Amino acid sequence: MADLSSVKLSLIDSAEKASEFIAWLSDRRPHNAIAIDTETGELPGNPREHALSPWHGRLRLVQVGDGQQGWAIPWQEWSGVFYEAMDKFDGPIVCHNIAFEARWFDVQSRWSLPWGRAHDTMIMAHIIDPLGSGALKRLAALHVDGRAVALQDTLDQELAKNGWTWGTVPVNFQPYWSYGALDTVLTMRLWEMFYEKCGPSGPYSRAYELEMAARKIVTRMEINGARVDLEYSRKKYNELTAYTATVKEWAKGKYGGVSITSNQQLVRLFEDLGAEITEFTPTGQKSCTKDQLKLLKINGNEEVSNLADTVLKQRKADKLANTYFSNFISDNVDGFVHPSVKTLGARTSRMSIQNPALQTLPKGDDVVRRAFLPKDDDHVIVTSDLDQVEFRMFASLSNDPNLIALFNRADATGSDPFTEIGREIYKDPTMQKSDKRRALIKGTVYGRLYGAGVAKQALTAGVAEPQMRSVSDAFDGRYPGMAMFQRKIEDAGMRRVRDEGQGYVYTWTGRRLPCDEDRVYTLVNYLIQGGAAEVFKANLVKLDQADLTELLIVPVHDEIVLNAPRKDAEEIMRIVKECMTTTEGWNVPLTAGIDGPLETWGDKYK
């Protein structure tokens, strides 16, 4: 660990300083690399959260540095110096959270990040240690100098003392610009260490290359944004909020003033009606969670079941109104929303989406999706969703011959794998996709993938536990390879816990995914979920290579949504389906469906 005692930090506030900075940039340094960072703020009188949005806030400082020196450039006065420097510089450029910087430069400057020679130490840190912090100061305190957080603490105190925000602190306030300039030094120090593992000769080079490619594509989606139907959004917001208010008033009237939005009052009400509450909060309080309400709906008496169903519907309506439609109305920019996508939203590298949180959209529900429109009248919506990708990967890795043959048969006949399994287990060749027994098959499969027991599988499928157990037993008898594969992964994980102190698996790119202590059973899920996330990102790269990036709107779960020129929609659909399908390296093809041309995203579910 190297300390920061020799670091030099400078503010460009004169022509002499600008000349010194330009001369410094031409110095020889390791890898000829520099780090870049930004400080941003809200506009006067606007909410503080606007400091994080390039569509609502303003760029205040841009910082450039290497491992020994950092420079802070006040953007309004000295942006020309930055442009002059970047026009000349042709080496690697390193950021910590490159998506943030890329969005701000794209929206508020004439310079764009050169992705072909760009790096991100936050992505590197996640790949090296998926359980560790991604925060720059914490990483620097761990790997560079324990005092790295001191300047941030000083700045936080000064902001509070003076009543400043990120938008009002003076750019020449020394703790502020020094804090920003130091970030570039910390970023470079981290990069020099992480590059050994993530660079071309490192063990994580393949995973890192994939993540950087995916980050570039997804950032372009964020910047382009998604057009939303504001009239429809306002209408649905009003309808949903009116419904939730009506339900809450109904409950108060029927149950003597009980508030169904109060967990404590709702628990007491259910118990008074004869229900047993079996879910608890981390502090030991009884809790009416979503799973608890589902259980009450299945097993409760008639009044308990009806009330549980009503509360579930009220919660869903409240979430749709306030998580989605309210966001569309308040945060759109000229009719477009710009979701923030974390390409490493979980340890497995699955993506997550905020503002709005589209990854929590109910599957198969068109209410919110109908708000998403093509970018103009000359375009239509096209969407492609991977077909049971996690199940297909599970089957492929298990090498179970019956399961592989089943998938091949389903693909050849246009059937559905869950229906095909049902036909075999129930010995009913007439079973169709609409058959209610299909939910039992699906619950069994995904319960296995997620490490859930039979009780949880039954809850997910909405059936009694004995019914689910009989299906699970029949499944094991017909497809023993899946259970054997699970035991193999868990046994390897247990050996690694014993020998190395931590259980883990490797995905097909060489990414190492560790499990929490005493949770070795989760490794199968991590392997499948992580591998599927990588397949999806590799498909995004194929779409980019097909020159379709500018058409991409948003990635949600295993689905990509696109704008397609109306006149070329059929050809675009053919290319997208091809790019979203993976056959090489898997016993079971990882196929994808295609829907379009559509006038709204929600039309897919008509």
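Residues numbered from 1 in each chain as written. Predicted model: local features only at pLDDT ≥ 70, side-chain atom pairs only at ≥ 80, totals over all residues. Heavy atoms only, no water.

1. Some thoughts on the overall build of the protein chain
Part 1 of the argument: Scanning the protein chain from terminus to terminus reveals 22 helices and 17 strands.
Part 2 of the argument: Here the C-alpha atoms of the protein chain give a radius of gyration of 27 Å, agreeing with the 25 Å that 2.2 N^0.38 yields for 606 residues.
Part 3 of the argument: For the protein chain, the spread of C-alpha atoms along the three principal axes comes to 85 × 60 × 60 Å.
Part 4 of the argument: In the protein chain, once contacts between residues fewer than 6 apart in sequence are set aside, the share between residues at least 24 apart is 69%.
Part 5 of the argument: With the model as given, the accessible surface of the protein chain reaches about 26,900 Å², and the carbon-plus-sulfur share is 48%.
Part 6 of the argument: Of the side-chain charges in the protein chain, 73 are positive and 82 negative, and the distance between the mean point of each set is 4 Å. (Helix = DSSP H or I, 4+ residues; strand = E, 2+ residues; numbered from the N terminus. Rg over C-alpha atoms; globule rule 2.2 N^0.38 Å. Contact = heavy atoms within 4.5 Å. Areas by Shrake-Rupley, 256 points an atom, 1.4 Å probe, with all protein chains shown as cover. Lys, Arg positive; Asp, Glu negative; His and termini not counted. Charge placed at Lys NZ, Arg CZ, Asp CG, Glu CD.)

2. Side note on the sheet that holds strand β16 (residues 559-565)
Part 1 of the argument: Strands sit in the order β15-β16-β12-β17 across an open sheet of 4 strands; the sheet is antiparallel. Every interior strand has two partners, whereas the edge strands, β15 (552-556) and β17 (592-598), have only one. Between one strand axis and the next, the sheet turns by 20 degrees as a mean value, whatever way the strands run.
Part 2 of the argument: In terms of strand pairing, strand β12 (residues 379-386) meets β17 through 5 bridges, oriented antiparallel. Bridge pairing in β17 links L386 to A592.
Part 3 of the argument: Across the sheet, helix α8 (residues 205-224) is in contact with β15 and β16; its angle to β15 comes to roughly 115 degrees.
Part 4 of the argument: Across the sheet, helix α21 (residues 523-545) is in contact with β12, β15 and β16; its angle to β16 comes to roughly 15 degrees. (Pairing = 2+ DSSP bridges. Axes fitted to C-alpha atoms, helices over the stretch in contact; angles between N-to-C directions.)

3. Re the sheet that holds strand β7 (residues 226-228)
The strands making up a sheet are joined through hydrogen bonds of the backbone, oriented either antiparallel or parallel.
Part 1 of the argument: Spatially, 3 strands are ordered β8-β7-β11 in an open sheet, and the strand pairing comes out antiparallel. Of all strands in the sheet, those bounded by a partner on one side alone are β8 (336-337) and β11 (372-373).
Part 2 of the argument: With 2 bridges joining them, β7 and β8 adopt antiparallel strand pairing. Looking at β8, one finds that R227 is bridged to F336.

4. Some points on the packing of aromatic side chains
What characterises a pair of aromatic rings is the spacing of the ring centres plus the angle enclosed by the ring planes.
Part 1 of the argument: By the definition in use, this model includes 24 aromatic pairs.
Part 2 of the argument: Ring centres 6.0 Å apart and planes at 90 degrees place the aromatic pair W250 and Y255 in the edge-to-face group.
Part 3 of the argument: We classify W250 as partly exposed; its relative accessible area is 39%.
Part 4 of the argument: The exposure class of Y255 is buried, given its relative accessible area of 13%.
Part 5 of the argument: Joined through ring pairs, the aromatic side chains of W75, F82, Y83, F105 and W111 make up one cluster.
Part 6 of the argument: A cation over an aromatic ring shows up here: R110 above the ring of Y83, its NZ or CZ 3.9 Å from the ring centre.
Part 7 of the argument: In this structure, R512 is placed above the aromatic ring of Y504, and the distance from its NZ or CZ to the ring centre is 4.1 Å. (Phe/Tyr/Trp six-rings, centres within 6.5 Å; stacked < 30°, edge-to-face > 60°. Buried < 20%, exposed > 50% of the residue type's maximum accessible area, 1.4 Å probe, protein only. Lys NZ or Arg CZ within 6 Å of the ring centre and 35° of its normal.)

5. Section: the nonpolar core
Part 1 of the argument: F328, F372, F391, I421, L540, L543 and I560 are the most contacted members of the largest nonpolar core, which has 91 residues in total.
Part 2 of the argument: By residue number, the principal contributor to this core is α21, which donates 11 residues.
Part 3 of the argument: Setting aside residues no more than four positions away along its own chain, F372 makes contact with A226, R227, V228, F328, V337, L358, I381, T600 and W601. (Core = buried A, V, L, I, M, F, W, Y, C linked by side-chain atoms within 4.5 Å.)

6. A few points about helix α20 (residues 480-500)
Part 1 of the argument: With 21 residues, α20 should cover 30 Å at 1.5 Å per step; its first-to-last C-alpha distance of 30 Å lies within 8% of that length.
Part 2 of the argument: Every buried residue of α20 is listed here: G481, M482, A483, F485, Q486, I489, A492 and G493.
Part 3 of the argument: Those residues of α20 that are buried are in contact with α14 (389-398), α15 (401-413), α17 (437-449), α19 (465-478), β13 (504-506) and α21. (Expected span 1.5 Å × (residues − 1).)

7. A look at the side chain of Q292
Part 1 of the argument: Within the secondary structure, Q292 sits in helix α11 (residues 290-299).
Part 2 of the argument: For Q292, a relative accessible area of 0% corresponds to the buried category.
Part 3 of the argument: A distance of 2.7 Å separates the side chain of Q292 from the backbone nitrogen of T278, its partner in a polar contact.
Part 4 of the argument: At 2.9 Å, the side chain of Q292 and the backbone nitrogen of E279 are in polar contact.
Part 5 of the argument: Once residues lying within four places of it in the same chain are set aside, the contact partners of Q292 are E276, I277, T278, E279 and S287. (Polar contact = N/O pair within 3.5 Å; in protein donor to acceptor, adjacent residues only side chain to side chain.)

8. So, α8
Part 1 of the argument: Taking 1.5 Å of rise per residue, 20 residues should cover 28 Å, and α8 covers 29 Å from first to last C-alpha, within 8% of that figure.
Part 2 of the argument: Two residues or fewer after α8 comes G225, characterised by a positive phi angle close to 80 degrees.

9. A short note on the pairing of β15
Part 1 of the argument: Within β15, 5 of the 5 residues are buried, leaving the element largely enclosed by the surrounding structure.
Part 2 of the argument: In the sheet, β15 pairs with β16 via 4 bridges, with the strands oriented antiparallel. Looking at the pairing, V556 lines up with E559 of β16.
Part 3 of the argument: Hairpin connection of β15 to β16: 2 residues between the antiparallel strands, including H557 at a positive phi of 55 degrees.

10. With respect to the pairing of strand β4 (residues 69-74)
Where a strand is regular, its side chains alternate between the two sheet faces.
Part 1 of the argument: Of all 6 residues in β4, 6 are buried, a share of seventy percent or more.
Part 2 of the argument: Burial along β4 is two-sided: the residues Q69, W71 and I73 and G70, A72 and P74 are all buried.
Part 3 of the argument: Taken together, strand β3 (residues 57-65) and the strand that follows it, β4, pair antiparallel across an intervening segment of 3 residues.

11. Quick notes on the packing of α11 against helix α12 (residues 302-331)
Part 1 of the argument: The interhelical angle for the contact between α11 and α12, taken along N-to-C directions, is 145 degrees, at an axis separation of 7 Å. In terms of crossing hand, the pair formed by α11 and α12 is left-handed. Packed against α11, whose contacting residues are K290, L293, K294, L296 and K297, the element α12 presents V304, S305, A308, D309, V311, L312 and R315 at the interface.
Part 2 of the argument: Residues belonging to the contact of α11 with α12 are distributed by class as follows: 6 nonpolar, 1 polar and 5 charged. (Left-handed = near helix turned anticlockwise from the far one by under 90°. Nonpolar A, V, L, I, M, F, W, Y, C, P; charged D, E, K, R; others polar.)

12. Focus on the environment of K577
Part 1 of the argument: Among the secondary structure elements, K577 is positioned in helix α22 (residues 569-579).
Part 2 of the argument: The exposure class assigned to K577 is partly exposed, which follows from its relative accessible area of 37%.
Part 3 of the argument: C-alpha separation for the pair K577 and Q68, spaced 509 residues apart in sequence, amounts to 49 Å.
Part 4 of the argument: In this view, K577 contacts A592, G593 and I594; residues no more than four positions away in its chain are not counted.

13. Topic: the environment of D366
Part 1 of the argument: With respect to the helices and strands, D366 occurs in helix α13 (residues 366-369).
Part 2 of the argument: The exposure class assigned to D366 is partly exposed, which follows from its relative accessible area of 25%.
Part 3 of the argument: D366 sits 234 residues away from T600 along the chain, and the two C-alpha atoms are 9.5 Å apart.
Part 4 of the argument: Ignoring any residue separated from it by four or fewer positions in sequence, one finds D366 in contact with Y232, G602 and Y605.

14. A short note on unusual backbone geometry
Excluding glycine, residues mostly have negative phi values, and the peptide bonds linking residues are mostly trans.
Part 1 of the argument: Here the amide bond leading from N355 into P356 is cis, since omega sits at 5 degrees, within 30 degrees of zero.
Part 2 of the argument: As for its placement among the helices and strands, P356 is situated in the loop between β10 (352-354) and α13.
Part 3 of the argument: Here G596 and P597 are connected by a cis peptide whose omega angle stands at -10 degrees.
Part 4 of the argument: As for its placement among the helices and strands, P597 is situated in strand β17.
Part 5 of the argument: The backbone of N97 shows a phi angle near 75 degrees, a positive value even though the residue is not glycine.
Part 6 of the argument: Along the polypeptide, N97 turns up in the loop between β5 (93-95) and α3 (98-108).
Part 7 of the argument: For N97, a relative accessible area of 26% gives the class partly exposed.
Part 8 of the argument: Located in the positive-phi region is N355, a residue other than glycine, with phi close to 50 degrees.
Part 9 of the argument: Of note, N355 is situated in the loop between β10 and α13.
Part 10 of the argument: What makes N355 partly exposed here is its relative accessible area of 47%.

Read these as spatial facts, not as claims about activity.
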